[in-house]
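Report on the structure
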Amino acid sequence: MSELRIAVPRGALFTDTLDLLDRLGIDTREVRENDRKLLFEQSGIVTMRPSDVPTYVEAGAADLGVTGKDVLMEQSEREVYELVDLGYGYCRMVLASVAGEDRTAEALRRLGVVRIATKYPRIASRHFLQTGRQAEIVEVKGSVELAPLTGLVEGIVDLTATGTTLRENGLVVREEIAVCTARLIANPVAHKLRARTIDRLLERLSGV
Amino acid sequence: MTRRSRPPDDSGDVRARVSGIGRAGDPPTTVDRIPSGTRDVLPDEMRELRAVTDRIRAVFEHAGYGEVYTPALEYEGTFARADTTGTRPAYRMFDEQGNVLVLRPDMTIPIARLVATRYPHTDLPLRFCYLAHAYRGVRPQRGQSREFLQAGVELIGSPAPAGTAEALGVLCAALDAAGLDSYSIGLGDASLYPSLLEAVGVPAQRRERILTELVDGDFVGVQREVHELGLPQDQSDLLLSVPRTRGGPEVLEGLSGALHDAVSGMRELHALLAPQVAKRIIFDLGLVRSLGYYTGAVFQVYDPASGVPIGSGGRYDELLGSFGRPLPAVGFALNVERLHIALTGEERGRTR
């Protein structure tokens, strides 16, 4: 059985993360062959939604985890160590609005406040607070691109990798808020108690 | 388990099974909520908690630490005297005259006040212990509460390293008596990394930014900040490797220059520790101050059965001075509820 339990995000970061674990000498075949099972004792891998990774790692239910910087920014109060920028999963957190005249700017000028739809309410609030503008944040769970097209909001704050979805929905990037890549995080207690095992893993990581 | 029978937060899941109150049945006719992050303690748990605190109290008393109790309510001004970063009062109220009262966020500052006002001329050192509730505004979560029971000691007037060694000895004796097996104590120095940054000539504002990243546990951020300094490679490597350096006494060896001097205090302390204490220590050069008033040695209690530290402590050599009685001091506090969770976890063989 593995000495470390590692939280692996399903979704966009899944394959890259398993490839990385392979290179570190962790056997991920069982995980790749089985997309229903969640806990793999032999390799120490547990799979979950990216946004759940900090929850498991903070509580110590997993020693290490991989998740996006966007998730860590949104859940900034989590007490986890952010150890390594893994480099893959490159995305940008952007403010976007319908092409043509920027309706977010018009709303701010004439109404004093701009309505913004997002799955990242805290990142969005922080961005508008730090740039000294008033915003009404509307949290949505599904496709954010729909919100400005229907007049629910003037703009969106969302994560984009290639910009294709934005383009196809007639949206353009107005501001870049942050660049997000995959991060390796650790439970602070495990980082002390399993120092040697974790450091050996990090050494192999800097070697690949 | 029905949805209703499970408390909305806290560690109700485990406790409910232990005390047999988690069975589905007829729901109560009325449910009056209590504030999130607070909880009722029922007899089964209370008996277990009391057994733990009785054993800890006996250790404290045996070591010469007299138990004190201070009011849960203090004037806001008392806490304004100290740097309360990490332990700011979360609850304020007015008394009949319009004075602002706060619920104490820890016991160290009230005891500093007590020492300065009740013992202005007494022989030193002074030894006090407490088992008391403190109050903080935190996210309700397993083992984390607004109201929590602390068991701790304060040793006033005994400088480093002897005083620190005594406090660590009492800490280990208390954990041993409580029945915790697999704990370790992370030991660092709050002044080590700040003075290292100063020694390599990092300007004050930059130092603050790097320390903020380190306190947040963001090593990627530390790396970014350090690279932006444009220091020579060896200094840059040093600043990046020190916060990650943790392990047995060997991590204190083979150091050179500023770092060698910086850890001399930790080496002296290590030499004073009894073997049963020394074997528990993880030297951690990256451990930074969790509370604003810590000045020198800082420590945290870890157990494999708990994902969060179950206690912490450190030296606060300047705190008593802000109450008009400059004295070196050291203390620690155990979170009794977290300790209890770790004890039950060890019982069930939980190793992570």
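Parameters at a glance
Residues numbered from 1 in each chain as written. Chains lettered and ligands numbered in written order. Predicted model: local features only at pLDDT ≥ 70, side-chain atom pairs only at ≥ 80, totals over all residues. Pairing = 2+ DSSP bridges. Helix = DSSP H or I, 4+ residues; strand = E, 2+ residues; numbered from the N terminus. Axes fitted to C-alpha atoms, helices over the stretch in contact; angles between N-to-C directions. Contact = placed C-beta atoms within 7 Å. Parallel < 35°, antiparallel > 145°, perpendicular 65-115°, else oblique. Left-handed = near helix turned anticlockwise from the far one by under 90°. Nonpolar A, V, L, I, M, F, W, Y, C, P; charged D, E, K, R; others polar. Buried ≥ 20, exposed ≤ 12 C-beta atoms within 10 Å, placed from the backbone. Domains from an automatic or database assignment. Core = buried A, V, L, I, M, F, W, Y, C linked by C-beta atoms within 7 Å.

Residue and element names in this part refer to chain A. The five strands lie next to each other as β8-β7-β9-β6-β10, forming an open sheet whose pairing is mixed. Two strands bound the open sheet, and with one partner strand each, they are β8 (135–139) and β10 (171–180). With strand direction ignored, the average angle separating the axes of adjacent strands in the sheet is 25 degrees. Relative to β8, strand β7 (residues 114–118) is paired through five bridges, and the arrangement is parallel. In the strand pairing of β8, V114 is matched with A135. Each of β6 (91–98), β7, β8, β9 (155–160) and β10 touches helix α6 (residues 121–130); the most contacted strand, β8, lies at about 170 degrees to it.

What follows covers the packing of helix α8 (residues 219–229) of chain B against helix α9 (residues 233–241) of chain B. All names here are of chain B. Axis separation between α8 and α9 bottoms out at 10 Å; the angle between their running directions is 160 degrees. Judged by the inter-axis angle, α8 sits roughly antiparallel to α9. In this structure, α8 crosses over α9, and the sense of that crossing is right-handed. Along the contact surface, α8 presents V222, Q223, V226 and H227, while α9 presents S236, L239 and L240. Classifying every residue of the contact of α8 with α9 gives four nonpolar, three polar and no charged.

Residues and elements named next belong to chain B. Here nine strands make up an open sheet; going across it, the order is β1-β5-β6-β12-β11-β10-β7-β9-β8 and the pairing mixed. Edge strands, defined here as strands with exactly one partner in the open sheet, are β1 (66–67) and β8 (246–247). Two strands pair when backbone bridges link them, and strand β10 (residues 297–302) and strand β11 (residues 311–315) are joined in this way by four bridges, in the antiparallel orientation. Bridge pairing in β11 links V301 to G311. Its contacts with the sheet put helix α5 (residues 162–178) on β6 (147–156), β7 (184–189), β10, β11 and β12 (329–335), and the angle it makes with β12 is roughly 20 degrees. Its contacts with the sheet put helix α13 (residues 336–347) on β6 and β12, and the angle it makes with β12 is roughly 55 degrees.

So, about the environment of T70 of chain B. Residues and elements named next belong to chain B. Along the polypeptide, T70 turns up in the loop between β1 and β2 (73–75). For T70, a count of 16 C-beta atoms within 10 Å puts it in the partly exposed group. Distance from T70 to V277, taken between C-alpha atoms, is 30 Å for residues 207 residues apart in sequence. For T70, the contacting residues outside a window of four places in its chain are P110, I111 and L114.

A word on the environment of L252 of chain B. Residues and elements named next belong to chain B. Positionally, L252 belongs in the loop between β8 and α10 (257–262). Residue class for L252 comes out partly exposed when judged on the 18 C-beta atoms lying within 10 Å of it. Residues L252 and S306 lie 54 residues apart in sequence; the distance between their C-alpha atoms is 27 Å. Sequence-distant contacts of L252, defined by excluding residues within four places in its chain, comprise V263, M266, R267, H270 and F283.

Okay, the domain arrangement of chain B next. Residues and elements named next belong to chain B. By the assigned domains, chain B splits into domain 1 (43–70 + 104–190 + 245–347) and domain 2 (203–243). Each of domain 1 and domain 2 has a C-alpha centre, and the two are 28 Å apart. At the interface, five residues of domain 1 touch seven residues of domain 2. A class-by-class count of the residues in the side of domain 1 that touches domain 2 yields three nonpolar, two polar and no charged.

Turning next to the nonpolar core. If you look at soluble globular proteins, the nonpolar side chains tend to sit buried side by side. Judged by nonpolar contacts, the single largest core of 122 residues is most densely connected at V57 and A186 of chain A together with V153, L171, A174 and L339 of chain B. The greatest single-element share of this core, amounting to nine residues, is contributed by α5 of chain B. In contact with V153 of chain B, not counting residues within four places along its chain, are F60, Y65, R127, F128, C129, A167, V170, G331 and F332 of chain B. Formed by 24 residues, the second largest nonpolar core is a distinct cluster that contains I116, Y120, V153 and V157 of chain A.

Two quantities define a packed helix pair, namely the angle between the axes and the distance from one axis to the other. All names here are of chain B. Here helix α6 (residues 192–199) crosses helix α7 (residues 204–215) at 145 degrees, and the two axes come no closer than 10 Å. Taken as a pair, α6 and α7 cross one another with a handedness that is right-handed. Contacts from Y193, P194, L197 and E198 in α6 reach R207, I210, L211 and L214 in α7. Across the contact of α6 with α7, the residue classes break down as six nonpolar, no polar and two charged.

Residues and elements named next belong to chain B. Here L124 and P125 are connected by a cis peptide whose omega angle stands at -5 degrees. Of the consecutive residues A160 and P161, the connecting peptide bond is found in the cis state with omega at 0 degrees. Along the polypeptide, P161 turns up in the loop between β6 and α5.

The next thing to look at is the domain arrangement of chain A. All names here are of chain A. According to the domain assignment, chain A contains domain 1 (6–89 + 181–207) and domain 2 (91–180). Of note, the centres of domain 1 and domain 2, computed from C-alpha atoms alone, are 30 Å apart. Each partner contributes to the interface: domain 1 provides seven residues, whereas domain 2 provides eight residues. With four residues, the top contributor of residues to the side of domain 1 that touches domain 2 is helix α4 (residues 69–74).

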